[in-house]
Amino acid sequence: TSNSNNQASSQRRRISALFTQTSTMSAEEVANAFVQHFFTTFDNGVDNLAGLFSDQSMLTFEGQQVQGAANIMQKLKAIGPVNHTVKTTDIQPSSNPNAIVIFVTGAIKIGGDNPLHFCEFFQLVGTGPGQYYVHNCVFRLNYGL
């Protein structure tokens, strides 16, 4: 686990390079960069999302809660190949000055099937200048819309 922690920490530093100018970037700019990175990475190699989560991270996927980076990654991998199309992104500051909340809607193709509508909520928490992790993530498919 020491090696996996080092790998996650290293990946978190690489991901934080996306946000190297966060001292001058607005919450909206950080959030938009995160959304683009998250969904592009998810579609092209879900394993590369591991550095975005910590042991404190929580994912609720279709009502099922999992906690911790390893459990979240296991859940995301179990979905299989996906392709996201983001339609809207709403961003707000959190009550924590080091956090940002993000609400995303769009379409997802799972395993090449027809696209389904989805919504996803994230809370990013800053751990240092330009460094964020996903503290909360809630995903739901939207049926019958």
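What this report covers is the structure whose coordinates are included nearby.

1. So, empty space enclosed by the protein
Tallying each qualifying case throughout the model produces one cavity of 30 Å³ or more. In this structure, the largest cavity spans a volume of roughly 50 Å³. Along the walls of the largest cavity sit F42, L59, F61, L76, I79, H84, I108, E120 and F139, which together make up its complete lining. Looking at the lining of the largest cavity, the elements that each hand over two or more residues are β1 (53–61) and α3 (69–79). Of the residues that constitute the lining of the largest cavity, the class distribution is seven nonpolar, one polar and one charged.

2. Observations concerning the side chain of S94
By secondary structure assignment, the location of S94 is in the loop between β3 (82–93) and β4 (99–110). At a separation of 3.1 Å, a polar atom in the side chain of S94 contacts the side chain of Q123. If sequence neighbours within four positions are ignored, S94 has contacts with A99, I100, V101 and Q123.

3. Things to note about the pairing of β4
The side chains of a regular strand alternate between both faces of the sheet. Sheet analysis places β3 next to β4, joined by eleven bridges and oriented antiparallel. Each residue of the ladder has a partner; that of H84, found in β4, is I108. Connecting β3 to the next strand, β4, in antiparallel fashion are five residues. Remark: five residues form the turn of the hairpin made by β4 and strand β5 (residues 116–128), two consecutive strands paired antiparallel; G111 in that turn has positive phi of roughly 60°.

How each quantity is defined
- Residues numbered from 1 in each chain as written.
- Predicted model: local features only at pLDDT ≥ 70, side-chain atom pairs only at ≥ 80, totals over all residues.
- Heavy atoms only, no water.
- 1 Å grid on protein atoms, 1.4 Å probe; cavity = no way out; pocket = protein on both sides within 12 Å on 5 of 7 lines; lining within 4 Å.
- Points joined across faces, edges and corners; volume = space filled by probe spheres on them.
- Helix = DSSP H or I, 4+ residues; strand = E, 2+ residues; numbered from the N terminus.
- Nonpolar A, V, L, I, M, F, W, Y, C, P; charged D, E, K, R; others polar.
- Polar contact = N/O pair within 3.5 Å; in protein donor to acceptor, adjacent residues only side chain to side chain.
- Contact = heavy atoms within 4.5 Å.
- Pairing = 2+ DSSP bridges.

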